[in-house]
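# Secondary and tertiary structure notes
Okay, here's what each chain looks like letter by letter:
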Amino acid sequence: MSARGARPPGVAVRIIENLADFEALETAWRALDADAEVRPFQQFGWIASWVRTIGLAGKWRLKIATLWQADRLVAVLPLSIRRSKGLRILEWAAARVSDYCDAIVDAGLDRETALNNLWEAVHKSGGFDVARLNHIRTDTPLFDFLGTLDPWTETREDSGGIPIVWSSGAEWLQGQTSGMRDRVKYNSRRMNKAGFEVRLCDSEQSRVRIIDTMVAQKRPWLAARGLSSFIDAPGGVEFLQSGVAASAARGELHLSTVENAGSIAACDLAFVRGGIVYSYLASFDPEYRKYSFGRVLTDSLIAWACDNGMRRLDLLLGAYDYKTEYNCTLEPVRTLVVPRSMIGRAALFFYRRKAAPPLKA
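Overview of the structure. The model shown is predicted, which means the values in this text are computed figures rather than measured ones.

Attention now goes to the overall build of the protein chain. In terms of helices and strands, the protein chain carries 12 helices and 13 strands. Since a compact globule built from 361 residues should have a radius of gyration of about 21 Å, the 22 Å found for the protein chain is in line with a globular shape. Overall, the protein chain is about 65 × 60 × 40 Å in size when its C-alpha atoms are taken along their principal axes. Residue burial in the protein chain is summarised as follows: out of 361 residues, 49% are buried. A separation threshold of at least 6 residues defines the contact pool for the protein chain, and within that pool the share at least 24 residues apart is 73%. Element-wise, carbon and sulfur atoms account for 52% of the exposed surface of the protein chain, whose accessible area totals about 17500 Å². Side chains of the protein chain give 47 positive and 41 negative charges; the mean places of these two sets differ by 6 Å.

As structure tokens, this is what we get:
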């Protein structure tokens, strides 16, 4: 290890590989993720919800690297291992339910050194053939660090978001094109005429009911398009309910609906943290398709973000057409693959050959 990456005196790395040791991290992890810059997908409540449901049902093995100064947790690299066709794959804990994956490093540490310490410990402890780390934003120190390991970039995606530059929802709407203003007002009038309204969830009982409704609405939408989702994985619905409950307990949940006398026509699930609204999951009842209630909820979410002093509405991953109407700014997100063992290098070689487009004659 280079001098730059040398471990400072009094700092220790521990690899967490069993559930009991993971559960014991809760207090220390929550103290670390209290930093507003930590995204919802790295908070203990989110990771723990996955570990206890999807992770347990799918038999993922924990591989969480932790960095300590005395008895204070100062960095976490939340990883896990799964098997696929005989290959041991290292990936993020909660990889498939998180739009952004990252390490957490205390602001007082040198990030490059901390990441080097964590990765070296993971690599030395072994137990995996290849690391496949998805959903890494290119503006993070982790992306820069992993770039020094000569990774293969498997996927290139973009997340979309709206910088909030308006002081109110009314100002946002006034600043849009005439066509956009007409569309927003027309949809709102039709909603009111049909007897529906936008509501913000304010109770545990409503929250559980809304999430169950969202799942019921989302499943046929996915099936009709031949798509898969974590909600159909063993433990998937339990994970969603648990993750949402953890967000609500921290006062960071924004769960809205379009409904009428208990009939829910559309749902939008978002998290609010550090001045950013993360729009995570949405659904609608196809019976009300013509009303565009999903778009009504997105408009309402933007207005709410403006009214409440947010700095960005993050629409996360997914190349959906509706994002173009909102003039989203794009942020690159990558999947990086690093082989460890001879088997991992061979598997990656053949996978890359299979994935490569055929040469033209």
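Still more to cover.
One broad rule of soluble globular proteins: the nonpolar side chains tend to lie buried together. By size, the foremost hydrophobic cluster in this structure holds 48 residues, and its most contacted members are F22, W29, L240, L269 and Y280. Those elements that place two or more of their residues in this core are α2 (26–32), α3 (44–57), β2 (61–69), β3 (72–84), α8 (204–224), α9 (236–249), β10 (263–273) and β11 (276–284). Per element, the largest residue contribution to this core is seven residues, and it comes from α3. In this structure, W29 is in contact with F22, Q42, Q43, F44, I47, I64, L73, V76, P78 and I104, ignoring residues within four places of it in sequence. Core analysis: the next-biggest nonpolar cluster, separate from the first, contains 31 residues, V74, A75, L115 and L142 among them.

Let us look at empty space enclosed by the protein. To find leftover empty space, one rolls a probe the size of a water molecule over the atoms. Applying the stated criterion to the full structure yields three cavities of 30 Å³ or more. Here the largest cavity is characterised by a volume of approximately 100 Å³. If you trace the largest cavity, you find it lined by P40, Q43, G45, W46, G243, A246, S247, R250, E252 and F271. If you list the elements that add at least two residues to the lining of the largest cavity, you get α3 and α9. In this structure, the second largest cavity spans a volume of roughly 40 Å³. Contributing to the lining of the second largest cavity are L77, L79, W92, L115, W119, L133, L142, F145 and L146. Those elements giving two or more residues to the lining of the second largest cavity turn out to be β3, α4 (111–125) and α5 (141–147). For the lining of the second largest cavity, the leading source of residues is α5, giving three residues. Taken together, the residues that form the lining of the second largest cavity break down as nine nonpolar, no polar and no charged.

A few words on the packing of α3 against α9. Where α3 contacts α9, the axes come no closer than 8 Å and their chain directions differ by 160°. The angle between α3 and α9 falls in the class roughly antiparallel. Considering the relative orientation of α3 and α9, their crossing is right-handed. Across the interface between the two elements, G45, W46, S49, W50, T53 and I54 of α3 pack against G236, E238, F239, S242, G243 and A246 of α9.

This part is about α8. Spanning 21 residues, α8 covers 31 Å between terminal C-alpha atoms, matching the ideal 30 Å at 1.5 Å per step. Those residues of α8 lying buried are R207, I210, I211, M214, V215, Q217, K218 and L222. The secondary structure elements touched by the buried residues of α8 are α9, β9 (253–260), β10 and β11. At the exit of α8 stands G226, carrying a positive phi of roughly 65°.

The next subject is the state of the cysteines. Summed over all chains, the structure comprises zero disulfides. Here C201 stays free of any disulfide, with the sulfur of C267 as its closest cysteine sulfur at 10 Å.

What follows covers the packing of aromatic side chains. A complete count under the given rule lists 22 aromatic pairs for this structure. With a centroid separation of 5.5 Å and an interplanar angle of 75°, the aromatic rings of W46 and F271 are classed as edge-to-face. Of this pair, W46 sits in helix α3 while F271 sits in strand β10, placing them 225 residues apart in sequence. The rings of F41, W46, Y100, F230, F239, F271, Y278 and Y280 are connected pair by pair, giving a single aromatic cluster. The cationic tip of K218 hangs over the ring face of W221; the distance from NZ or CZ to the ring centre is 4.5 Å.

Procedures and definitions
- Residues numbered from 1 in each chain as written.
- Predicted model: local features only at pLDDT ≥ 70, side-chain atom pairs only at ≥ 80, totals over all residues.
- Heavy atoms only, no water.
- Helix = DSSP H or I, 4+ residues; strand = E, 2+ residues; numbered from the N terminus.
- Rg over C-alpha atoms; globule rule 2.2 N^0.38 Å.
- Buried < 20%, exposed > 50% of the residue type's maximum accessible area, 1.4 Å probe, protein only.
- Contact = heavy atoms within 4.5 Å.
- Areas by Shrake-Rupley, 256 points an atom, 1.4 Å probe, with all protein chains shown as cover.
- Lys, Arg positive; Asp, Glu negative; His and termini not counted.
- Charge placed at Lys NZ, Arg CZ, Asp CG, Glu CD.
- Core = buried A, V, L, I, M, F, W, Y, C linked by side-chain atoms within 4.5 Å.
- 1 Å grid on protein atoms, 1.4 Å probe; cavity = no way out; pocket = protein on both sides within 12 Å on 5 of 7 lines; lining within 4 Å.
- Points joined across faces, edges and corners; volume = space filled by probe spheres on them.
- Nonpolar A, V, L, I, M, F, W, Y, C, P; charged D, E, K, R; others polar.
- Axes fitted to C-alpha atoms, helices over the stretch in contact; angles between N-to-C directions.
- Parallel < 35°, antiparallel > 145°, perpendicular 65-115°, else oblique.
- Left-handed = near helix turned anticlockwise from the far one by under 90°.
- Expected span 1.5 Å × (residues − 1).
- Disulfide = S-S within 2.5 Å.
- Phe/Tyr/Trp six-rings, centres within 6.5 Å; stacked < 30°, edge-to-face > 60°.
- Lys NZ or Arg CZ within 6 Å of the ring centre and 35° of its normal.

Geometry only, nothing functional implied.
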